[in-house]
Amino acid sequence: MERKTYLGVSPSELDPEVRGDPIAGDRYYCRDWAKKEFDTAFVRSWHIGGMLHDLESAGDFITHTLGKESILMVRQQDGTVKAFYNVCQHRGNLLVMSPMGGLQKFTCSYHSWQYAIDGTLTAVPDAEDYLQGNPCGKVTLAEIRCDVWGGMVWFCMDEKAKPVREWLGPIAEQLEAYQLPKMKRTIYMRVEVNCNWKIIRDNFNEAYHLPTLHPELKTAIDDLYTDTVFEMYPNEHNRMVMKGCMPSGRYAFDAVPEAPLDGLLQFWELNPDDYRGKYNEIRLAIARQRRKLGESKGYWTFKYLDDSQIVDFYHYTLFPNTTFTIGPDGMQVLRSEPHPSGDPEKCIFDHWFIAPEIIGREDIDGPAGSAKWEIADLKYGKHGDFSLGFVADQDLSICVGQQKGLRSRGFKGGYLAYQEKRVQRFHEILNDYVNGVC
Ligand code: FES
Ligand SMILES: [Fe+2]
């Protein structure tokens, strides 16, 4: 199976030099640094505000809190989506309090200024009392960039930003094969975590932790770094490709395949006994069977995927704070955001799963087990209130301890393996934003 790289980009461009900037502990707890990160990297990047499937009709809206900002996204009469800072222009009250809904007018809860869905102010009480003249027709909500890609609504606070598809670069083209716009968000979880957002980001920028934090994955994913593809794109984002449907190359397996590979083989009408000691053949055998039987078993997206996408796991990290982990069953969105309070030792973690229908079935397989293929309601809480799925639980299990350790005078700064290069590059790009170099 030959993996594609982005056309026109040579392999050496996908492994750029890093400078070796120190990664000291203070960037994980310093308020001044956190403010600079937000005002540069976060303001200038695109962010996912929600799912387009939640905005069916004109007036349907979603809100999203990113750090200190709340963003309102509204479906327009012409079918497009507009995004605004969710703030009343009278005296700054938050305009819309709910995470989603449908309204033809947005009325501020303080003095009842009223805005149309396109952000224009249409009614104010005592309009004749404004010496500057009636604000209706003059004042509008503060609009920001908004775009739709991959069935998701994106916003950006930088009016000079490229369109989102261009900002995604090669990632857009690679992901479009999966048919994201036809999927539903079946997991929609959001929790507050007592750690800096970058602790979670660093975790998703390396796979070195897999044998320690996720020992169960060794029978189904090849996490050996020499078998893994790491690509760092010129546009700040990166991807990692791990072979799926086979065990880790770190271990010698010579018995009959263990769970979940045994069940997977049976589901795809192969006999696990035939693969005793032949673990490396399982991935190709499953790829062949998925090609042959996928359509008849309801897996309609497989025909759009290449041979690697049909069995392997692709992990995309979008600078600064979002990871997509995608396989043939669907895509996880794993995102960490600065906390709205501005406390750099807290963050918000999102875990979504976006999945295609399996035709003829009501259920799908996801990171929290089997679930119905239906749009999930938001589940919001504090880290530990409920499970985020066992792998995400394992990832977040280190956060609080690492936050404490990074505060220690005894921590001398990161000492990274080469396979953690994406962590190093991430911090260097962040430094460039904060220092005004890019
Ligand atoms: S602050 Fe919104 S109407 Fe006064
Ligand atoms: Fe992990």
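Nothing here was measured: the structure is a model prediction, and the numbers come from that model.

Parameters and conventions
- Here, residues in each chain are numbered from 1, in the same order as that chain's written sequence.
- Numbering of ligands from 1 and lettering of chains from A proceed in the order in which they are written.
- Only residues with pLDDT of at least 70 get local features here, since the model is predicted, and only at 80 or more are side-chain atom pairs given and counted; chain-wide, interface and lining totals rely on the full set of residues.
- With hydrogens and water stripped out, all remaining heavy atoms of the structure feed into the side-chain values.
- Helix and strand definitions here come from DSSP, where helices need a minimum of 4 consecutive H or I residues and strands a minimum of 2 consecutive E residues; each element is numbered from the N-terminal end.
- Atoms counted for the radius of gyration: C-alpha only. Globule rule: 2.2 Å times residue count to the power 0.38.
- For every residue, the accessible area (1.4 Å probe, protein chains only) is compared with the maximum for its type, and the residue is labelled buried under 20%, exposed over 50%, or partly exposed between those bounds.
- In summary, the charge assignment counts Lys and Arg as positive and Asp and Glu as negative, without counting His or the chain termini.
- Note that the charge is assigned to NZ on lysines, CZ on arginines, CG on aspartates and CD on glutamates.
- Between N-to-C directions, angles span 0 to 180 degrees; the directions come from axes that are lines fitted to C-alpha atoms, helices contributing only their stretch in contact.
- For classification purposes, angles smaller than 35 degrees are called roughly parallel, those larger than 145 roughly antiparallel, those between 65 and 115 roughly perpendicular, and all remaining angles oblique.
- Crossing handedness is defined as follows: a turn of the near helix away from the far one that is anticlockwise and smaller than a right angle gives a left-handed crossing, while the clockwise case is right-handed.
- What makes two residues a contact is simply this: any of their non-hydrogen atoms within 4.5 Å.
- Residues are grouped as follows: nonpolar covers Ala, Val, Leu, Ile, Met, Phe, Trp, Tyr, Cys and Pro; charged covers Asp, Glu, Lys and Arg; every other residue, Gly included, is treated as polar.
- In this scheme, strands are said to pair when DSSP sees at least two bridges between them.
- Nonpolar core, defined: a set of buried Ala, Val, Leu, Ile, Met, Phe, Trp, Tyr and Cys residues in which side-chain atoms within 4.5 Å join the residues together.
- Between N or O atoms, a polar contact is any pair within 3.5 Å; within protein, one atom must be a potential hydrogen donor and the other a potential acceptor, and residues adjacent in sequence are included only when both atoms are from side chains.
- For Na, K and Ca the donor cutoff is 3.2 Å, while for all other metals N, O and S atoms count as donors only within 2.8 Å; water does not appear among the atoms, so some sites may look incomplete.
- For the purposes of this description, domain bounds are those given by an automatic or database domain assignment.
- Each reported salt bridge corresponds to a side-chain nitrogen of Lys or Arg within 4 Å of a carboxyl oxygen of Asp or Glu.
- The span you would expect from a helix comes to 1.5 Å times its residue count less one.

Visitor: I'd love a proper account of the overall build of the protein, names of residues and values included.
Guide: Counting its secondary structure elements, the protein contains ten helices and 21 strands. Taken over C-alpha atoms, the radius of gyration comes to 23 Å for the protein, in line with the 22 Å a tight globule of 438 residues would show. For the protein, the spread of C-alpha atoms along the three principal axes comes to 85 × 55 × 45 Å. The burial tally for the protein puts 53% of its 438 residues in the buried class. Computed over 50 positive and 62 negative side-chain charges, the separation of the two mean positions in the protein equals 2 Å.

Visitor: Can you lay out the packing of helix α4 (residues 197-204) against helix α10 (residues 421-434) for me, pointing to particular residues and giving the numbers?
Guide: Two elements in contact, α4 and α10, have axes whose closest approach is 8 Å; the angle formed by their N-to-C orientations is 140°. In terms of orientation, α4 lies oblique with respect to α10. Between α4 and α10 lies a crossing of right-handed hand. Judged by residue contacts, W197, K198, R201, D202 and F204 of α4 engage R422, V423, F426, H427 and L430 from α10. Among the residues forming the contact of α4 with α10, the class breakdown is five nonpolar, one polar and four charged.

Visitor: Can you lay out the sheet that holds strand β8 (residues 121-123) for me, pointing to particular residues and giving the numbers?
Guide: Pairing in this open sheet of three strands is antiparallel, and the strands run β6-β7-β8 from one edge to the other. With partners counted over all chains shown, the strands left at the sheet margins are β6 (105-107) and β8, one partner each. Strand-to-strand twist in this sheet, taken as the mean axis angle between neighbours without regard to direction, amounts to 40°. Strand direction decides the pairing type here: β6 and strand β7 (residues 114-116), joined by three bridges, are antiparallel.

Visitor: Go over the nonpolar core, please, and point to the residues and values.
Guide: If you look at the biggest cluster of nonpolar residues, it comprises 98 residues, and the most contacted ones within it are M152, W154 and F324. Ignoring any residue separated from it by four or fewer positions in sequence, one finds F324 in contact with I48, M152, W154, L175, Y314, H315, Y316, L318, M331, Q332 and V333. Core analysis: the second largest hydrophobic core is formed by 16 residues, F61, V74, V124 and L141 among them.

Visitor: I'd love a proper account of the environment of Q403, names of residues and values included.
Guide: The topology assignment puts Q403 in helix α9 (residues 399-406). For the pair Q403 and G25, spaced 378 residues apart in the sequence, the C-alpha separation amounts to 8.8 Å. Apart from residues lying up to four places away in sequence, Q403 is in contact with Y28, Y29, N194, C195, N196, I199 and E345. Polar contacts involving the side chain of Q403 include one to the main-chain carbonyl oxygen of Y28, which spans 3.0 Å.

Visitor: Lay out the coordination of the iron ion (ligand 2) with the relevant residues and their values.
Guide: Reference geometry at the metal: tetrahedral coordination by four donors gives ideal angles of 109.5 degrees; octahedral coordination by six donors gives 90 or 180 degrees. Listed as protein donors to the iron ion (ligand 2) are H209 (NE2), H214 (NE2), D395 (OD) and D395 (OD); their distances from the metal cover 1.9 to 2.8 Å. Within one chain, the residues serving as donors to the iron ion (ligand 2) are arranged as H-x4-H-x180-D. Residue H214 is located in the loop between α5 (210-213) and β12 (221-222), and its partner D395 is located in helix α8 (residues 390-396); the two are separated by 181 residues in the primary sequence. In this structure H214 comes out as buried when scored by relative accessible area, which is 3%. Of the residues examined, D395 reaches a relative accessible area of 6% and is grouped as buried.

Visitor: I'd like a rundown of the side chain of H209, residues and numbers included.
Guide: For H209, the location among the structural elements is in the loop between α4 and α5. Here H209 falls in the buried class, since its relative accessible area comes to 11%. The residues touching H209, leaving out its near neighbours within four places in the chain, are N203, H214 and D395.

Visitor: I'd like a rundown of the sheet that holds strand β3 (residues 69-75), residues and numbers included.
Guide: Taken in spatial order, the seven strands make up an open sheet running β1-β10-β9-β4-β3-β2-β5, and their pairing is antiparallel. Either end of the sheet is taken by a strand with one partner, and the two such strands are β1 (46-51) and β5 (100-102). For this sheet, the mean inter-axis angle between neighbouring strands, taken without regard to orientation, is 30°. Relative to strand β10 (residues 152-156), strand β9 (residues 143-149) runs antiparallel, the two being bridged by five bridges. Across the sheet, C146 pairs through a bridge with F155, a residue of β10.

Visitor: Pulling in residues and values, what's your account of the domain arrangement of the protein?
Guide: When its domains are assigned, the protein resolves into domain 1 (11-44 + 179-434) and domain 2 (46-156). The straight-line distance from the C-alpha centre of domain 1 to that of domain 2 is 33 Å. If you look at the interface, domain 1 gives 28 residues, while domain 2 gives 20 residues. Measuring nitrogen to oxygen at the nearest pair gives 3.0 Å for the salt bridge that ties D54 to R185. Between domain 1 and domain 2 we count seven residue pairs in polar contact (both at pLDDT 80 or more) in total. Looking at the side of domain 1 that touches domain 2 residue by residue, the class counts come to 17 nonpolar, three polar and eight charged.

Visitor: Quick one: what's the story with helix α7 (residues 279-293), residue by residue and with numbers?
Guide: Spanning 15 residues, α7 covers 21 Å between terminal C-alpha atoms, matching the ideal 21 Å at 1.5 Å per step. Burial in α7 covers these residues: Y279, I282, R283, A285, I286, A287, Q289, R290 and L293. Considering only its buried residues, α7 is in contact with β14 (238-244) and α6 (261-267).

Visitor: Which residues make up the environment of R19, and what are the values?
Guide: If you trace the backbone, R19 turns up in the segment before α1 (31-44). Sequence-wise, R19 and F38 are 19 residues apart; in three dimensions their C-alpha atoms are separated by 23 Å. Ignoring any residue separated from it by four or fewer positions in sequence, one finds R19 in contact with E428, N431 and D432. At 3.1 Å, the side chain of R19 forms a polar contact with the side chain of D432.

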